[in-house]
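So the chains spell out like this:
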Amino acid sequence: MTKDENNGGIKRMVNPNRFGIERIAYLLMRLTGLGLLGYFIAHVYETSNILRGRMGWDDFLAMTQTTEGHIFLVLVIGMCVFHTGNGIRIMLGHGGVGVGKPARPDYPYDPASQNYRHKIGIYSSIVLAAAAMMYGMAVMFGE
Amino acid sequence: MAQVSSTADEQAPNLLSTSKSVLLKISRFNPESDDSSKFMEFSIPYQKWTTVLEAILDVKKHFDHSVAVRYSCRQATCGSCGMLINGKPRLACFTKISELDSDVVTVEPMNNFPVIRDLAVRFEKLFDKHQKIKPYVIRDDTELESDQREFLQSPEEVEQYIQFANCIKCGLCNSACPTMATDSSFVGPQALAQAYRYVADSRDKGNDDRLNIIDESHGIWRCHFAGSCSQVCPKGVDPAMGIQFLRGYLLGFRN
Ligand code: HEM
Ligand code: SF4
Ligand code: FES
């Protein structure tokens with residue numbers, strides 16, 4: 001941070017305190033987006049192992065059969081579900097859907113755009129992601 | 001810079017029936033002479049109704065009059081006294097110490113604004129961006145040429161934008177915005193909310209102009225709908241709502 005600009009910088013951008021669940025959702029959306037991008041690139045690399053023939057493919061796939069591999073996949077499941085659920089909420093919001101309607105503001109000025117519909121969207125994305133992760137764990141570790 | 005710590009009780013006889021006191025930490029920084037900011041601490045007596053601004057003015061009056069702070073109206077109208085109060089952008093004149101529910105009150109200059117000194121920040125960028133979106137009614141005919149004396153609006157038409165006309169240009173929204181934290185070229189929630197204020201005004205005919213200005217790489221598309229702007233706005237403007245409406249309009253979802 002240069003004092004000249006006094007910009008909050010990345011530290012301030014990723015600090016989810018003080019601004020409610022919406023700011024936490026913003027942070028999770030960024031992290032899961034980047035996580036999925038990383039996974040996507042790794043996935044393209046992984047599946048290209050098929051060019052090494054059956055042995056190469058099986059060797060690589062064996063990685064996902066380890067405990068670490070299972071945990072990694074559980075995380076990917078969670079990221080996918082949250083990112084998709086919250087992504088649909090954000091796309092609706094970005095289109096101006098469910099963000100309230102203009103009205104004369106009155107003290108204490110609770111903003112209509114930060115309403116229960118969007119909060120429900122965020123919390124249900126988190127709950128769905130947790131449920132999907134638990135199901136994934138049950139399948140992978142329950143063998 | 002020396003750390004000052006003393007009780008205002010002895011030195012501030014004007015505050016008599018005081019039952020509580022709070023530790024006020026004020027960020028001191030002069031870009032011309034200091035490398036980094038330092039906090040000065042003061043113990044300040046307060047009442048249920050004492051505002052953070054009053055506490056700062058108390059410090060100026062009784063301990064250190066060199067503390068730089070900008071204020072004018074003391075009633076959330078001029079938009080001068082925005083600062084970080086316990087880490088959150090708020091108006092000092094509109095924030096009571098008692099409502100903060102803390103024994104320590106830390107005041108720092110708003111982020112995403114260059115510091116002039118201590119708590120006073122530069123507003124040029126905010127005003128430039130505000131001006132850039134053409135914050136006035138645009139039309140070819142003027143009131144003088146028109147045979148009607150004024151441009152009539154129904155109460156419903158007024159309701160469409162009046163909320164956004166409440167903006168006092170305090171900059172709290174720009175300070176809270178996570179995009180602004182890393183992109184100082186971003187047009188920002190204050191200006192975008194004002195763009196919506198005029199786009200939604202039935203008298204205005206300047207939409208194409210204005211939408212072109214915000215439809216650029218550091219424009220409206222950098223908003224991620226984190227909503228922090230709306231959560232700190234002291235006038236209930238709800239910039240996040242205006243921005244999503246504008247974007248809906250640009251995307252063709254809204255008329
Ligand atoms: C149905 C599935 C998906 C939906 C509905 C969705 C939706 C979205 C939305 C709406 C955003 C914008 C968020 C914002 O404005 O802050 C976003 C960001 C992003 N998405 Fe997705 N997405 C999906 C799948 C994916 C996948 C599979 C990947 C990875 C390959 C991905 C990577 C990203 C990245 C990197 C970002 C940018 C994050 C940021 O800068 O905040 N998304 N997604
Ligand atoms: S929109 Fe609200 S927070 Fe932003 S400058 Fe205007 S009054 Fe201040
Ligand atoms: S002094 Fe005018 S808004 Fe606080």
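Residues numbered from 1 in each chain as written. Chains lettered and ligands numbered in written order. Predicted model: local features only at pLDDT ≥ 70, side-chain atom pairs only at ≥ 80, totals over all residues. Heavy atoms only, no water.

Chemist: Kindly report on the packing of aromatic side chains, identifying the contributing residues and their values.
Modeler: Geometry of an aromatic ring pair is reported as the spacing of the ring centres plus the angle between the planes. Inspection of every chain in the model, using the stated rule, returns nine aromatic pairs over all chains. Aromatic side chains Tyr 107 of chain A and Tyr 109 of chain A sit 6.0 Å apart centroid to centroid with 80° between the ring planes, which places their arrangement in the edge-to-face category. Here a set of aromatic residues connected by ring pairs shows up, and it is made of Tyr 107 and Tyr 109 of chain A together with Phe 94 of chain B. Sitting over the ring of Phe 39 of chain B, Lys 25 of chain B keeps its end group 5.5 Å from the ring centre. A cation sits over an aromatic face here: Arg 139 of chain B above Phe 151 of chain B, 3.8 Å from the ring centre. (Phe/Tyr/Trp six-rings, centres within 6.5 Å; stacked < 30°, edge-to-face > 60°. Lys NZ or Arg CZ within 6 Å of the ring centre and 35° of its normal.)

Chemist: Requested: an account of the interface of chain A and chain B, with residues and values cited.
Modeler: Taken together, the 36 residues of chain A in the interface contact 51 residues of chain B. Carbon and sulfur atoms supply 55% of the area buried between chain A and chain B, which totals about 3600 Å² over both sides. The residue Glu 5 of chain A makes a salt bridge to Lys 125 of chain B at a minimum N-O spacing of 3.3 Å. On the surface where chain A and chain B come into contact, there are 21 residue pairs in polar contact (both at pLDDT 80 or more). Where the side of chain A that touches chain B is concerned, the elements lending two or more residues are α1 (9–14), α2 (20–47) and α4 (67–94) of chain A. If one sorts the elements of the side of chain A that touches chain B by residue count, α2 of chain A sits on top with five residues. (Contact = heavy atoms within 4.5 Å. Buried area = accessible area lost by both parts, 1.4 Å probe. Salt bridge = Lys/Arg side-chain N within 4 Å of Asp/Glu carboxyl O. Polar contact = N/O pair within 3.5 Å; in protein donor to acceptor, adjacent residues only side chain to side chain. Helix = DSSP H or I, 4+ residues; strand = E, 2+ residues; numbered from the N terminus.)

Chemist: Summarise the packing of helix α8 (residues 188–199) of chain B against helix α11 (residues 239–251) of chain B; cite the residues concerned and give the values.
Modeler: Residues and elements named next belong to chain B. As a packed pair, α8 and α11 sit with axes 8 Å apart at the nearest point and diverge in direction by 60°. As summarised for this structure, α8 and α11 are arranged oblique, according to the angle between their axes. The chirality of how α8 crosses α11 is left-handed. Here Pro 189, Leu 192, Ala 193, Ala 195, Tyr 196 and Val 199 of α8 come into contact with α11, specifically with Pro 239, Gly 242, Ile 243, Phe 245, Leu 246 and Tyr 249. Classifying every residue of the contact of α8 with α11 gives eleven nonpolar, one polar and no charged. (Axes fitted to C-alpha atoms, helices over the stretch in contact; angles between N-to-C directions. Parallel < 35°, antiparallel > 145°, perpendicular 65-115°, else oblique. Left-handed = near helix turned anticlockwise from the far one by under 90°. Nonpolar A, V, L, I, M, F, W, Y, C, P; charged D, E, K, R; others polar.)

Chemist: Explain α8 of chain B residue by residue, including any values.
Modeler: All names here are of chain B. Helix length check: α8 (twelve residues) gives 17 Å between terminal C-alpha atoms against 16 Å at 1.5 Å per residue, within 8%. The buried count for α8 comes to twelve of twelve residues, which makes it a mostly enclosed element. Restricting attention to buried positions, one finds in α8 the residues Gly 188, Pro 189, Gln 190, Ala 191, Leu 192, Ala 193, Gln 194, Ala 195, Tyr 196, Arg 197, Tyr 198 and Val 199. Buried residues along α8 sit against α4 (124–132), α6 (172–176), α7 (178–182), α9 (207–214), α10 (228–232) and α11. (Expected span 1.5 Å × (residues − 1). Buried < 20%, exposed > 50% of the residue type's maximum accessible area, 1.4 Å probe, protein only.)

Chemist: If you had to explain the coordination of the iron atom of ligand 1 to someone new, which residues and values would you point to?
Modeler: When four donors bind a metal tetrahedrally, each ideal donor-metal-donor angle is 109.5 degrees, and when six bind octahedrally, the ideal angles are 90 or 180 degrees. Exactly one donor from the protein chain reaches the iron atom of ligand 1: His 83 of chain A (NE2), at 2.0 Å. Relative to the elements of secondary structure, His 83 of chain A occurs in helix α4. (Donors = N, O, S within 2.8 Å, 3.2 Å for Na, K, Ca; no water.)

Chemist: Please give an account of the confidence of the model for chain B that cites residues and values.
Modeler: Residue and element names in this part refer to chain B. Across chain B, the average pLDDT comes to 91, with 90% of residues at or above 70. When the criterion is pLDDT under 50, residues 1–13 qualifies, and its contacts beyond four places in sequence or with other chains add up to 25 contacts. In the model output, the complex is listed with pTM 0.91 alongside ipTM 0.91. (pLDDT = per-residue confidence, 0-100.)

Chemist: Can you break down the sheet that holds strand β1 (residues 20–28) of chain B residue by residue, with the values?
Modeler: All names here are of chain B. Taking strand neighbours across the sheet as the criterion, the five strands line up as β2-β1-β5-β3-β4 in an open arrangement whose pairing is mixed. The open sheet terminates on both sides in strands that have one partner only, identified here as β2 (38–46) and β4 (88–91). Put simply, the sheet's adjacent strands are angled 35° from each other on average, direction ignored. Both β1 and strand β5 (residues 104–108) contribute to a ladder of four bridges, which runs parallel. Residue pairing across strands places Leu 24 opposite Val 105, the latter belonging to β5. (Pairing = 2+ DSSP bridges.)

Chemist: Could you give me a rundown of the nonpolar core, with the residues and numbers involved?
Modeler: Residue and element names in this part refer to chain B. In this structure, Leu 24, Val 52, Ile 56, Val 105 and Val 107 are the most contacted members of the largest nonpolar core, which totals 38 residues. Elements with a minimum of two residues in this core: β1, β2, α2 (52–62), β3 (82–85), α3 (97–100), β5 and α6. The biggest single contributor to this core is α2, with six residues. When residues of this core are sorted by domain, at least three fall in each of domain 1 (18–121) and domain 2 (124–251). Beyond its immediate sequence surroundings of up to four residues, Leu 24 is in contact with Met 40, Glu 41, Phe 42, Ile 44, Ala 55, Ile 56, Val 59, Val 105 and Val 107. If you look at the next biggest cluster of nonpolar residues, it comprises 31 residues, including Tyr 161, Met 180, Ala 195 and Leu 246. (Core = buried A, V, L, I, M, F, W, Y, C linked by side-chain atoms within 4.5 Å. Domains from an automatic or database assignment.)

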